[in-house]
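Summary of the model geometry
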Protein chains: 2
Amino acid sequence: MQTHFSLKAALVFNTAFPVEAVTVVEGLVNEANTTLFRRGVPAGVADEEVGRITAWDVKENELTLEIESGPYTRAHDALFRFRKQIAPKLGRFRLGLRGIEVGAFHISMRGEFPAGMRLPALPFINSYRLEGGLLELDLRMEAAELEDRVPDRLVHLVEEKCQAAEYGGKAEHWELCFESKKRTGRYSGDPTEEMIRRGWIKHGLSRGQWIHGPQSTQLFRAFEQIVFEEIIGPLGFSEMIFPKLVPWEVWKHSGHAKGVYPEIYYVCTPKTRDPAYWEEVADWFKVTGEVPVDLIRSKIDGPIGGLTYAQCPSFWPFVQGETLANGSLPIKIFDRSGTSHRYESGGIHGIERVDEFHRIEILWLGTVEQTCEIADSLHQAYHRVFEDILELEWRAAKVTPWFMAQEGMIGAETDSCGCGARVGTTDYEALLPYNKSWLEFQNVSINGDKYPKGFSVKIQSGKDCWSGCSGIGLERWTAAFLAQKGFDLSGWPDRVAAIVGEPKELFKFL
Amino acid sequence: MQTHFSLKAALVFNTAFPVEAVTVVEGLVNEANTTLFRRGVPAGVADEEVGRITAWDVKENELTLEIESGPYTRAHDALFRFRKQIAPKLGRFRLGLRGIEVGAFHISMRGEFPAGMRLPALPFINSYRLEGGLLELDLRMEAAELEDRVPDRLVHLVEEKCQAAEYGGKAEHWELCFESKKRTGRYSGDPTEEMIRRGWIKHGLSRGQWIHGPQSTQLFRAFEQIVFEEIIGPLGFSEMIFPKLVPWEVWKHSGHAKGVYPEIYYVCTPKTRDPAYWEEVADWFKVTGEVPVDLIRSKIDGPIGGLTYAQCPSFWPFVQGETLANGSLPIKIFDRSGTSHRYESGGIHGIERVDEFHRIEILWLGTVEQTCEIADSLHQAYHRVFEDILELEWRAAKVTPWFMAQEGMIGAETDSCGCGARVGTTDYEALLPYNKSWLEFQNVSINGDKYPKGFSVKIQSGKDCWSGCSGIGLERWTAAFLAQKGFDLSGWPDRVAAIVGEPKELFKFL
């Protein structure tokens, strides 16, 4: 992609330029174009690729500049570099810089763009035009926005859209790591239908939501116990409690704010707790028996964020901005304190695809080596549980992490120790005999430095801080297990049957 | 309160009235005024208190009626009673009733009204005027609304506002049942401040929300274990999993839709899951680093409901509309599967007053006697735990149930077996030495037939179905315990110290 920046700006001073100062400016402009703007630019880069002042003028107390650049020392960077250089030099003429007024700012990009590419209606985009492989952006930005690198993020967004379009048609990268022997054949029913029939679960009144009776809950807690005894306990993970309402501030740091919107349950707050303010809403319901949703909508603020989507981002403010002592690493923790929610597609789904679900989230952080070692020991523990305890027909596959695709972080990660290839997710899948599909019921992710960087977490030694997470979905373990083993406890693996016990039949309806 | 109803309506038939039919109408009107409308009205009630047709006329195919009433056989009830009587009688003239057109409808109420009383802007209230103890309502309703008893609910709302104003100034009824001996004096610090200092907890990024480190979580889980061993296990409660996102439909049946609005965290859903629809939101964040809240607001539906406030309403759809076999009663269950959320007042509060909290909710239902017996055994078990295990300085008090005040169900409940006086809540309070206040850290409520009625749950025997609930707030147990016992484990009751164990100090920050 060929990118060109063109910027007009005025440096506004407290007083008019004396004639001698104008000569100084001339010298500084020449020095900037030949030396200052060349700093850090690889040798051999053509002049027109690098930031340069192409015109300048002094009128009264204003120094106007026209700056052009390609991708090196971009026009807005050149502006601030020049400001830093010129301000002290003009001090001796008692010229004090008061501010910067940004005039016209154009960016053009030449390359292959996806058909119908759109840019968001950002207040600083006057207009843009895409024609014949040329994107022309007419911008109106404040100096603060230039300094905040908004133009760079805008260019990055366009590049990302082009990359995403290129990758878009291709399936997620999927590579088989392990496949168990065939173990199904005993049962081929749909476990959700059978659980409903037996009164183990009943639809909640919200979409993709179930109320679990004692029998279903026995299974959840049995799986939890197995996870405690076989994984969390032996590997030394400690329980914490992560918040379940996630404000934007968390998702801004975790990166989820880059793309999670279509699947979020959003949370809004009352504009006030004053009962008088809400009286008409309550009155409306009392008289009509209906809740006045539009009226309520006018009385709430936000959204302030949403319900838990991924479970681990809410942990990170606990260590945000901190440097962890070497001796306290690796940190190994887990959370099982509440629900996660995803706005899934409508229609009829079983408990393997729900909007509200229950997950034990395992999280660890430390050096690169520690992070990878823990992932390895988790893989071994899961392998043992699925092979020897649950006796499932299952497989494991390395997949391109969802967030890389979602956030445009496409491309190979590299790092100093060669562990870059380890960044990514391994999905555990179980066969659902009733519809012959593979259900992703478990994962282990090495997230590299994504979270430590996002939340500014460092290690005392100065080494890279990495983290990993692994989500154990209780609905999905249940769906996988029942789909393969059925409902006859005598056919279940002994240990599972012993822990679950006879289903408690509390409710008898006429 | 003196209430008067005045209604004009036309019964519209398929064809014009023959002369003979008019004579029949005259007879039916007389019969209605003297007999039909008097049915069910106590003897001795004055004529002007009872519904009566004060004028009628036949034009073409319409029979117009003017009906007046006091509180007996209210004008709209009289209208439908008359319709039921007249329709078959006019059938022999081939007059078929096509519909009812409601004309003017006035309700006047005379009594003592609270100053500044307002009615909601309901579409069927043309106008209303309150002057000198007289409220005059000018209404425009459809026949369906009359039949749906909207006028009655409107009158009830006004009566309720008058009652609420009368009770409003008075404090909640509070009656001491038990007070332990004085046990505090060892520690007088603010437990939240000390937990923060020790790194046990850290503020979450949303209001009134904490991230609990391993040490705080150890306390939560220790209390949970004590509840299991001493209360839930011995009394035979079984675990279920109640949903945590509560749609309006649940709160409509539970009665919370009558007044819970000021403290709710509301939940909204995406208008669509189409990624293209959300692209501009993601792009906006990617370029500016800010989440465009107003843009998101325009792209979401709802609110569809809110986050869990009380924990038990979400259970009830599991038994909604069912008749429970005698042998399955009483049902004893509990839920501890997620968070509850209340929009509390702002400002600085400790962990005893949070927006996001963790509660074990115990719920039971059965006959009146069963419900009261279980409440009694819970009281005994809690008493033992607070006296002998936690060794708290605590007290218990009977209070007027919050929902009775909130929903206008003020007044004594009665029932056939004399248990009515049992309906209500007992609060358990612990002394917080650091600010010398009593903290409500626990409750037991007998809710009478509120939930079974709201969700249409019946008992095979035909006896009244009652229910109760008891919320165990883990934040509040922790706040009460630490405020009284402090942080030196050697001073803690042995069993608590043994179960909690040494605090796990995982995190060491530089």
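Please refer to the structure placed before this passage.
A short tour of the structure in this document, coming up. (Residues numbered from 1 in each chain as written. Chains lettered and ligands numbered in written order. Predicted model: local features only at pLDDT ≥ 70, side-chain atom pairs only at ≥ 80, totals over all residues. Heavy atoms only, no water.)

**Let's talk about the relation of the copies chain A and chain B**
For the pair chain A and chain B, the superposition axis carries a translation of 0.0 Å, the fit reaches an RMSD of 0.0 Å, and the rotation angle comes to 180 degrees. Here the transformation between the copies is reduced to the relation of a two-fold axis. Every residue of chain A has its C-alpha some distance from the rotation axis, and the shortest such distance is that of Gly 338 of chain A, at 1.9 Å. Most of the interface of chain A is mirrored in chain B, where 100% of its interface residues are also at the interface. (Least-squares fit on C-alpha atoms with pLDDT ≥ 70 in both. Contact = heavy atoms within 4.5 Å.)

**Section: the pattern of salt bridges**
Oppositely charged side chains can form a pair if their charged atoms are brought close together. This model, assessed by the stated rule, comprises 68 salt bridges over all chains. Among the ionic pairs, Glu 344 of chain A bridges to Arg 353 of chain A, the shortest N-O distance being 3.8 Å. (Salt bridge = Lys/Arg side-chain N within 4 Å of Asp/Glu carboxyl O.)

**Digging into the packing of helix α1 (residues 19–34) of chain B against helix α2 (residues 75–91) of chain B**
Residue and element names in this part refer to chain B. Axis separation between α1 and α2 bottoms out at 11 Å; the angle between their running directions is 150 degrees. Viewed along their axes, α1 and α2 adopt a mutual orientation that is roughly antiparallel. For the crossing formed where α1 meets α2, the hand is right-handed. Seen from α1, the contacting residues are Ala 21, Val 24, Val 25, Leu 28, Val 29, Glu 31 and Ala 32; seen from α2, they are Phe 82, Gln 85, Ile 86, Lys 89 and Leu 90. Residues that form the contact of α1 with α2 fall into these classes: 9 nonpolar, 1 polar and 2 charged. (Axes fitted to C-alpha atoms, helices over the stretch in contact; angles between N-to-C directions. Helix = DSSP H or I, 4+ residues; strand = E, 2+ residues; numbered from the N terminus. Parallel < 35°, antiparallel > 145°, perpendicular 65-115°, else oblique. Left-handed = near helix turned anticlockwise from the far one by under 90°. Nonpolar A, V, L, I, M, F, W, Y, C, P; charged D, E, K, R; others polar.)

**Looking at the packing of aromatic side chains**
One pass over the structure, following the stated rule, counts 60 aromatic pairs over all chains. Through a chain of ring-to-ring contacts, three or more aromatic side chains come together here, namely Phe 178, Phe 223, Tyr 382, Phe 386, Trp 394, Tyr 428, Phe 441, Trp 477, Phe 481 and Trp 492 of chain A. Here the basic side chain of Lys 202 of chain A rests over the ring of Phe 509 of chain A, its NZ or CZ set 6.0 Å away from the ring centre. Above the plane of the ring of Tyr 451 of chain B lies Lys 450 of chain B, whose end atom (NZ or CZ) is 5.1 Å from the centre. (Phe/Tyr/Trp six-rings, centres within 6.5 Å; stacked < 30°, edge-to-face > 60°. Lys NZ or Arg CZ within 6 Å of the ring centre and 35° of its normal.)

**A look at the side chain of Gln 209 of chain B**
With respect to the helices and strands, Gln 209 of chain B occurs in the loop between β8 (201–203) and β9 (210–212). Overall, the relative accessible area of 2% leaves Gln 209 of chain B in the buried class. Within polar-contact distance, the side chain of Gln 209 of chain B engages the side chain of Glu 356 of chain B at 2.7 Å. Dropping the residues within four chain positions of it, Gln 209 of chain B is found in contact with Pro 243, Lys 244 and Leu 245 of chain A together with Lys 202, His 203, Gly 204 and Glu 356 of chain B. (Buried < 20%, exposed > 50% of the residue type's maximum accessible area, 1.4 Å probe, protein only. Polar contact = N/O pair within 3.5 Å; in protein donor to acceptor, adjacent residues only side chain to side chain.)

**Considerations on the interface of chain A and chain B**
Where interface size is given, it is often the accessible area lost as the parts come together that is meant. Chain A puts 111 residues into the contact, and the matching count from chain B is 112 residues. A buried area of about 10100 Å², summed over both sides, lies between chain A and chain B, and 66% of it is on carbon and sulfur atoms. Contact with chain B buries area across many residues of chain A, yet Ile 241, Arg 273 and Phe 318 of chain A alone supply 8% of it, more than any other trio. Arg 273 of chain B is paired through a salt bridge with Glu 344 of chain A; the nearest N and O atoms lie 3.9 Å apart. At the surface where chain A touches chain B, the tally comes to 45 residue pairs in polar contact (both at pLDDT 80 or more). At 13 residues, the largest contribution of residues to the side of chain A that touches chain B is made by helix α8 (residues 275–288) of chain A. The class makeup of the residues in the side of chain A that touches chain B is 59 nonpolar, 24 polar and 28 charged. Both strand β12 (residues 266–270) of chain A and strand β12 (residues 266–270) of chain B contribute to a ladder of 3 bridges, which runs antiparallel. By the bridge assignment for β12 of chain B, Val 267 of chain A is matched with Val 267 of chain B. (Buried area = accessible area lost by both parts, 1.4 Å probe. Pairing = 2+ DSSP bridges.)

**Some remarks on the packing of helix α6 (residues 214–232) of chain B against helix α13 (residues 474–485) of chain B**
Residues and elements named next belong to chain B. Between α6 and α13, the shortest axis-to-axis distance is 10 Å and the interhelical angle comes to 105 degrees. In terms of orientation, α6 lies roughly perpendicular with respect to α13. From α6, Leu 219, Phe 220, Arg 221, Phe 223, Glu 224 and Val 227 reach across to α13, where they touch Leu 474, Glu 475, Trp 477, Thr 478, Phe 481 and Leu 482. For the contact of α6 with α13, the class distribution of residues is 8 nonpolar, 1 polar and 3 charged.

**Details of the sheet that holds strand β2 (residues 52–59) of chain A**
Residue and element names in this part refer to chain A. Ordered by their spatial adjacency, 6 strands build an open sheet running β2-β3-β1-β4-β6-β5, and the pairing between neighbours is antiparallel. Two strands bound the open sheet, and with one partner strand each, they are β2 and β5 (125–131). Ignoring which end each strand starts from, the neighbouring axes of this sheet average 10 degrees apart. In this structure, strand β4 (residues 97–110) lies alongside strand β6 (residues 134–139), joined through 6 bridges in antiparallel fashion. Its bridge partner being in β6, Met 109 is matched across the sheet by Leu 135. Where helix α1 (residues 19–34) meets the sheet, its contacts fall on β2 and β3 (62–69), and the angle it forms with β2 comes to roughly 170 degrees. Sheet contacts for helix α2 (residues 75–91): β1 (2–13), β2, β3 and β4; angle to β1, the most-contacted strand, approximately 30 degrees.

Honestly, it's all geometry; don't read function into it.
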